[in-house]
Amino acid sequence: MKVDWLVIGAGFSGCVLAERIAKELDQKVMIIEKRDHIGGNAYDCYDANDILVHKYGPHLFHTNSKKVWDYLSTFTEWTPYQHRVLAVVEGRKVPVPFNLNSLEILFPKTYSEKMERLLIEKYGLGSKVPILTLKKDQQEEIRNFANYVYQNIFLGYTSKQWGMKPEELDPSVTGRVPVYISKDDRYFQDKYQAVPKHGYTEMFRNMLKHPNIKLLLNTDIKEIEGVFGDAKKIYTGPIDSYFNYKHGTLPYRSLKFNPLYYGDRETFQETAQVNYPNDFDFTRMTEYKKITGQNVPGTTVIIEQACPYHPEMNEPYYPIPKKEYHQLYRKYAEEAKALQGKVFFIGRLAEYKYYNMDQVVARALHVFEKEVQPIYSD
Ligand code: FAD
Ligand code: UDP
């Protein structure tokens, strides 16, 4: 078979580019995936009890990009879904991102009213303040409050999740979940929030349903290197692996998932996700029925525990946003430059970037329009 493009990895980055190249450019695409399924980390499937679960952790789609939303909507219908998260603090469950409701639950009325007033005066109702910024506030009372939130919401969770303290990471990490001066309990405020009506995997299947696309599962690119000699490549795996770790191994965080099934319960917890910043050695528990809206007896909950990543032993789920690791990544990015026009490095692993799904889709569409399509424009 003639292959014009070899796409390595069948996650969001790989599937978007395979689809665009096959449909818009009428080129033949071979997509190679080392796992036994498509979808990358957004893969979902029915477990032994027929409950739809996200195998690699909870995936909530949210975006403000109409372009990304419209593009994906050609491959799926959606179930509207607004994510809500509670965190256990001193035996009570409070909304996260920490907001004015969390404040009211944890503190006596006189204190919470006063703090609410101070926060609104200083930052304005509806503002989002990263905890590391709030901790540096000029007013001592606000700093004391920030230290409480830091100790009870961020320190333990971040130490478990990343193996380091919030200050050791790029501030954008804890900035993803800022203190929200609001009574809005939703985890995200994006315009579009939903999950694919028939699951992520079904959406990916529709993306790859094109006569120009052939899929090869259970195959690591390293096993078949050179077979498709002339084909241009889209590479979405770890960039250090592509270059045989010649500058050293890029660190990632990995995860362990522990599923629990409760056949005799309709529901397990109040919200789809409950975080445990201070208790236990795991970070969060996710109840999937509450995300998908699936109407079945019994319920499945998956516990997530972070751990170090070792190539060959587990999966690289999270690039670690930290200056020195970014510098190491830059060495690989320089190597990648020499392959410009022949190999395109895209996605969370190939760009060593803590991308959300919508960001990866936007990035893949951008690369298609600005770098791939122009090759054929003469
Ligand atoms: P991946 O999904 O990692 O796909 C890369 C693929 O390449 C994989 O399938 C891998 O097996 C394959 N591959 C790697 N190396 C090779 C090789 N040598 N040969 C062949 N194949 C190879 N985003 C959100 O927007 N909302 C969320 O709620 C959310 N929750 C998340 C929760 C967790 C626990 C994690 C880990 C991520 C979450 N994300 C979420 C982020 C989301 O998963 C990513 O943005 C997205 O999946 C990245 O897509 P990708 O194609 O770049 O990478
Ligand atoms: N975080 C925290 N406590 C929480 C929730 C989040 O400390 O209850 C911090 C933690 O460092 C985490 C980061 O904020 O890794 C980003 O959280 P998010 O929910 O976006 O993580 P993801 O879903 O990507 O794992």
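Residues numbered from 1 in each chain as written. Chains lettered and ligands numbered in written order. Predicted model: local features only at pLDDT ≥ 70, side-chain atom pairs only at ≥ 80, totals over all residues. Heavy atoms only, no water.

(A) Inspection of the site of ligand 1 at higher detail. Taken together, 34 residues form the shell around ligand 1, and within it Ser13, Glu33, His59, Leu60 and Met357 come nearest. Between ligand 1 and Glu33, the relevant distance is 2.6 Å, taken from an oxygen atom to a side-chain nitrogen or oxygen of the residue. Here an oxygen atom of ligand 1 sits 3.5 Å away from a polar atom, N or O, in the main chain of Asn356. Considered on its own, ligand 1 offers 1,000 Å² of accessible surface; in the complex 96% of this is hidden by protein. Going through the elements one at a time, α1 (12-25) and α12 (357-372) are the ones with two or more residues in the shell around ligand 1. (Near = heavy atom within 4 Å. Polar contact = N/O pair within 3.5 Å; in protein donor to acceptor, adjacent residues only side chain to side chain. Areas by Shrake-Rupley, 256 points an atom, 1.4 Å probe, with all protein chains shown as cover. Helix = DSSP H or I, 4+ residues; strand = E, 2+ residues; numbered from the N terminus.)

(B) Broad picture of the state of the cysteines. Using the criterion set out here, one finds zero disulfides in the structure. The closest cysteine sulfur to the non-disulfide-bonded Cys15 is located on Cys45, 16 Å from its own sulfur. Cysteine Cys307 shares no disulfide, and the gap to the nearest cysteine sulfur, in Cys45, comes to 19 Å. Overall, Cys307 belongs to the buried group, its relative accessible area being 10%. (Disulfide = S-S within 2.5 Å. Buried < 20%, exposed > 50% of the residue type's maximum accessible area, 1.4 Å probe, protein only.)

(C) Representation of the sheet that holds strand β11 (residues 192-196) within the structure. Strand order in the open sheet formed by three strands is β5-β11-β6, and the pairing between neighbours is antiparallel. Bordering the open sheet on either side are β5 (61-63) and β6 (78-80), each of which pairs with just one other strand. The sheet shows a mean angle of 40° between the axes of neighbouring strands, taken without regard to direction. (Pairing = 2+ DSSP bridges. Axes fitted to C-alpha atoms, helices over the stretch in contact; angles between N-to-C directions.)

(D) A look at the confidence of the model for the chain. Summarising the model, the chain shows a mean pLDDT of 97, and 100% of its residues fall at 70 or more. Here helix α9 (residues 239-242) stands out as the element of the chain with the lowest mean pLDDT, 97, in contrast to helix α2 (residues 66-72), whose mean of 99 is the highest. (pLDDT = per-residue confidence, 0-100.)

(E) Region of the structure containing the site of ligand 2. Near ligand 2 you find 16 residues, and of these Trp162, Arg176, Tyr187, Tyr318 and Tyr354 are the closest. For ligand 2, an oxygen atom lies 2.5 Å from a polar atom in the side chain of Tyr187. One of the side-chain N or O atoms of Tyr354 is found 2.6 Å from an oxygen atom in ligand 2. Its free accessible area being 520 Å², ligand 2 has 93% of it covered by the protein chains. Elements represented by at least two residues in the shell around ligand 2 include exactly α6 (140-162) and α7 (172-175). The greatest single-element share of the shell around ligand 2, amounting to six residues, is contributed by α6. Grouping the amino acids of the shell around ligand 2 by side-chain chemistry returns 10 nonpolar, four polar and two charged. (Nonpolar A, V, L, I, M, F, W, Y, C, P; charged D, E, K, R; others polar.)

(F) The sheet that holds strand β15 (residues 273-275), seen in detail. One open sheet holds the seven strands; their spatial order is β8-β7-β15-β16-β17-β14-β18, and the pairing between them is mixed. Where the open sheet ends on each side, the last strands, each with one partner, are β8 (92-96) and β18 (318-319). Where strand β7 (residues 85-89) meets β15, three bridges bridge the pair, whose relative direction is parallel. In the sheet register, Leu86 faces β15, and the bridge partner there is Val274.

(G) Summary view of the packing of aromatic side chains. Applying the stated rule across the entire model yields 30 aromatic pairs. Geometrically, the ring pair formed by Phe107 and Tyr111 is tilted, given 4.7 Å between the ring centres and 35° between the ring planes. For Phe107, a relative accessible area of 18% translates into the label buried. Judged by its relative accessible area of 29%, Tyr111 is partly exposed. Aromatic side chains Tyr318 and Tyr354 sit 5.7 Å apart centroid to centroid with 80° between the ring planes, which places their arrangement in the edge-to-face category. Of this pair, Tyr318 sits in strand β18 while Tyr354 is found in the loop between β19 (343-345) and α12, placing the two residues 36 residues apart along the sequence. Of the two residues, Tyr318 and Tyr354, neither departs from the other in class, the shared state being buried. Each member of the aromatic cluster is reached from another via a ring pair, and the members are Tyr235, Tyr242, Phe243, Tyr332 and Phe345. Directly above the ring of Tyr56 sits Arg35, whose terminal nitrogen or CZ lies 4.1 Å from the centroid. Between Arg176 and the ring centre of Tyr354, over which it is positioned, the NZ or CZ distance is 3.9 Å. (Phe/Tyr/Trp six-rings, centres within 6.5 Å; stacked < 30°, edge-to-face > 60°. Lys NZ or Arg CZ within 6 Å of the ring centre and 35° of its normal.)

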